[in-house]
Amino acid sequence: MDEKARILQLRDELHQHNFRYYVENAPVISDQEFDFLMHELQDLEAKHPEMFDANSPTQRVGSDLNNEFETVVHSRPMLSLGNTYNREEVADFWQRVSEGLMGAPFQVCCELKFDGLSISLHYEEGRLVRAVTRGDGVQGDDVTANVRTIRSIPLQLPAGADYPKQFEIRGEVLMPWSSFDRLNKEREEAGEPLFANPRNAASGTLKSKNSSTVAQRGLDAYLYYLLGDGIPGDGHYQNLEAAARWGFQVSKNMRLVDSLEGVFEYIDYWDKERRNLPVATDGVVLKVNSLAQQKSLGMTAKSPRWAIAYKFQAEQAETTLRQVVFQVGRTGAVTPVANMDPVQLAGTQVRRATLHNADVMASLDLHVGDRVLVEKGGEIIPKIVGKAESSETGGEAIPFVTNCPVCGSKLVRYEGEAAHYCPNDTGCPPLILGRIEHFISRKAMNINSLGPETVDDYYRQGLIHDAADLYELTEKQLADPLASDNKGVRKILASIEESKQVPFERVLYAIGIRFVGEIAAKTLARYYGSIDKVAEASMESLMQINGIGEVIANSVIQYFANPVNRAFVERLRGYGLQMELGEQQKQARSNKLEGQSIVISGVFQHHSRDEYKALIEQHGGKNVGSISNKTSFVLAGENMGPAKLEKAEKLGIRIMSEDEFLTLLDTQDS
Ligand code: IVH
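Please read all numbers here as calculations on a predicted model, not as lab measurements. (Residues numbered from 1 in each chain as written. Predicted model: local features only at pLDDT ≥ 70, side-chain atom pairs only at ≥ 80, totals over all residues. Heavy atoms only, no water.)

1. Observations concerning the site of the ligand
Line of reasoning, step 1. As a matter of local geometry, the ligand sits amid 13 residues, with E111, F114, E172, Y224 and K287 nearest to it.
Line of reasoning, step 2. Taking F114, its main chain carries an N or O atom lying 3.0 Å from a nitrogen atom of the ligand.
Line of reasoning, step 3. A distance of 3.0 Å is found between a nitrogen atom of the ligand and a side-chain nitrogen or oxygen belonging to K287.
Line of reasoning, step 4. When isolated, the ligand has an accessible area of 520 Å², and the protein chains bury 91% of it. (Near = heavy atom within 4 Å. Polar contact = N/O pair within 3.5 Å; in protein donor to acceptor, adjacent residues only side chain to side chain. Areas by Shrake-Rupley, 256 points an atom, 1.4 Å probe, with all protein chains shown as cover.)

2. Overview of the sheet that holds strand β10 (residues 281-288)
Line of reasoning, step 1. One open sheet holds the five strands; their spatial order is β2-β11-β10-β3-β9, and the pairing between them is mixed. Pairing within the sheet leaves two strands with one partner each, and these edge strands are β2 (83-84) and β9 (255-257).
Line of reasoning, step 2. Direction of pairing for β10 relative to strand β11 (residues 307-311): antiparallel, over a ladder of five bridges. Bridge pairing in β11 places V285 opposite A309.
Line of reasoning, step 3. Lying on the sheet, helix α3 (residues 87-100) is in contact with β2, β3 (108-114), β10 and β11; it crosses β11 at an angle near 170°.
Line of reasoning, step 4. Strands β3, β9 and β10 of the sheet are contacted by helix α8 (residues 236-246), whose axis makes an angle of about 55° with β3. (Pairing = 2+ DSSP bridges. Helix = DSSP H or I, 4+ residues; strand = E, 2+ residues; numbered from the N terminus. Contact = heavy atoms within 4.5 Å. Axes fitted to C-alpha atoms, helices over the stretch in contact; angles between N-to-C directions.)

3. Looking at the sheet that holds strand β19 (residues 622-624)
Line of reasoning, step 1. Reading across the sheet, the four strands line up as β19-β18-β20-β21 and stay open at both edges, with parallel pairing between neighbours. Sheet topology places β19 and β21 (654-657) at the edges, where each strand pairs with a single neighbour. Strand-to-strand twist across the sheet, computed as the mean angle between neighbouring axes with direction ignored, equals 35°.
Line of reasoning, step 2. Across three bridges, the pairing between strand β18 (residues 597-601) and β19 is parallel. Among the inter-strand pairings, V599 is bridged to a residue of β19, identified as V624.
Line of reasoning, step 3. Its contacts with the sheet put helix α23 (residues 609-618) on β18, β19 and β20 (633-636), and the angle it makes with β18 is roughly 170°.
Line of reasoning, step 4. Strands in contact with helix α24 (residues 642-650) are β18, β20 and β21; relative to β18, the strand with the most contacts, it is inclined by about 150°.

4. A few points about the side chain of K376
Line of reasoning, step 1. Locating K376 in the fold gives a position in strand β15 (residues 371-376).
Line of reasoning, step 2. Beyond its immediate chain neighbours, meaning those up to four positions away, K376 contacts A314, E315, L345, A346, T348 and P382.

5. Some points on the environment of L478
Line of reasoning, step 1. Note on placement: L478 falls in helix α14 (residues 475-478).
Line of reasoning, step 2. For L478, the contacting residues outside a window of four places in its chain are Y458, L463, L473, V489 and L493.

As structure tokens, then:
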């Protein structure tokens, strides 16, 4: 046989072995034999680059090339399902279907609801040609390169099977518990943030820019919906049976039932049994089996009338509360955490649970020795949801702390917020670390060669006490005496140095004025032009800026009222950080519109509404929402509302067109 024919033969064989191993879990050759065939194919493909095929079994390892996702419009929208946690609503569903079918007999296919992310796969002539995420249901991301690495998804269906020329099959991409546990363990060791649940992990992985990452993470997929012209028959269940024959992984736990009792039996069985499955499930999906009946039932705006999802209650366990401790996070938020007798819950031993905040804690009315119910929802950290009926306690509930357990400062609670905060921004270690981490973060100073661990390290060694100290660090201080070269250290110092060029608006964000996020920092920077002007600003001045409310204004005033903060800013200025707008940005500003109240209305050609808002502010004006006799003029685009137009005319207020407005800013001297 010539080499080219051998390539085709090997691909075919390896596809079959993949299927036997990953879908049927019944391999017929040893791993070693499999590897042997794979190597033979790799060698031959290397010799014959003209035979490249993205669907070859050798391509399952993915590539390190960055892939950008293209947006693709779904050929048929990907709808979601109506959800219920409630058996009565399941009975209502049955009733509605029965009435909708005018009493005709029907069957329902009961399936597990897999907790991953949905995917749409397109096959042409038996080859996988495209894989698209759900996205917003109308269009999604083309993630074909990543999906090719999922070994239970066939790249090439066996010749001779009775699949249609073209079809779509939808299903769920999942991260099995085993892969999830392994991944989180690796991330923990590397000091990386953990994934909260397998769904987040699967979704983060599938959106990865790098398909070799995807290949390593051990994703899996179950298919549950076959679509297209020429699919085998009228039965959804039977169609999936056919799909299973073509090589797709279809759940073996689907059941056809013809009564509501059958549905409940299925739900009851899987509510317990799902704990033994290798993947996460969060409910069951019920689908009317006949496609003709599905069609006649139709859909509502959002979801089909022929299907519903019943969601399982989160798992609960009962144990004894021993103590409540209070943790101070990097924002200063104080979280009450319960220590309990260890108990098994959803596959892990649990001994700590979050109590969220003072309100939640108070509503639980907790005492040491209480029997409590612990639940594990979609998050890593379990929570206490209530007390067990058997709990007999009385007396005072455990109180929330009044002072910071780390530094002793009196805690504060900001209006509208559930959390208590330690206000000691500049003196309490977790807050100091939080502020330094914020300072170096990407959207702030972007000192990307420093990570939170290194910052912690420097802080513990006493090398830094605040973010300004970063600019004093020297190679000698940081050098590791055991390392052969100090490349890493030099990189860190270089990126600290580089941060001196970061524009003023990001510096203003980086210094960490509470409530001043990226957008507010930008607004303030553009409006005032320099840190000195921001520091001098009065409450009235701040409040008249669009987008700056009382909370932010107050916080700015308080920040600059604190001499520690002022000294910090001065030090940063001394190190050469940008404390005012660049020349270009400054030129774009004036006080041409000072004292003017301007209403924006209609649709614009040259700039967005937000851009016009910003322009008005940059030139000293104020953008207001409604027309009154105080309005200076209306900046009007097309299709200005008739009511507004009438009001403006009645009050004799000038209507200015977009072009007139831009000319005004361009020519009139300030
Ligand atoms: S059928 C029109 N079957 O749950 C029918 N969905 O809100 C569309 N899901 O977006 C979906 N397991 O991601 C179906 N056996 C199953 C499922 C399932 C999980 C997900 C899917 C969908 C969501 C429904």
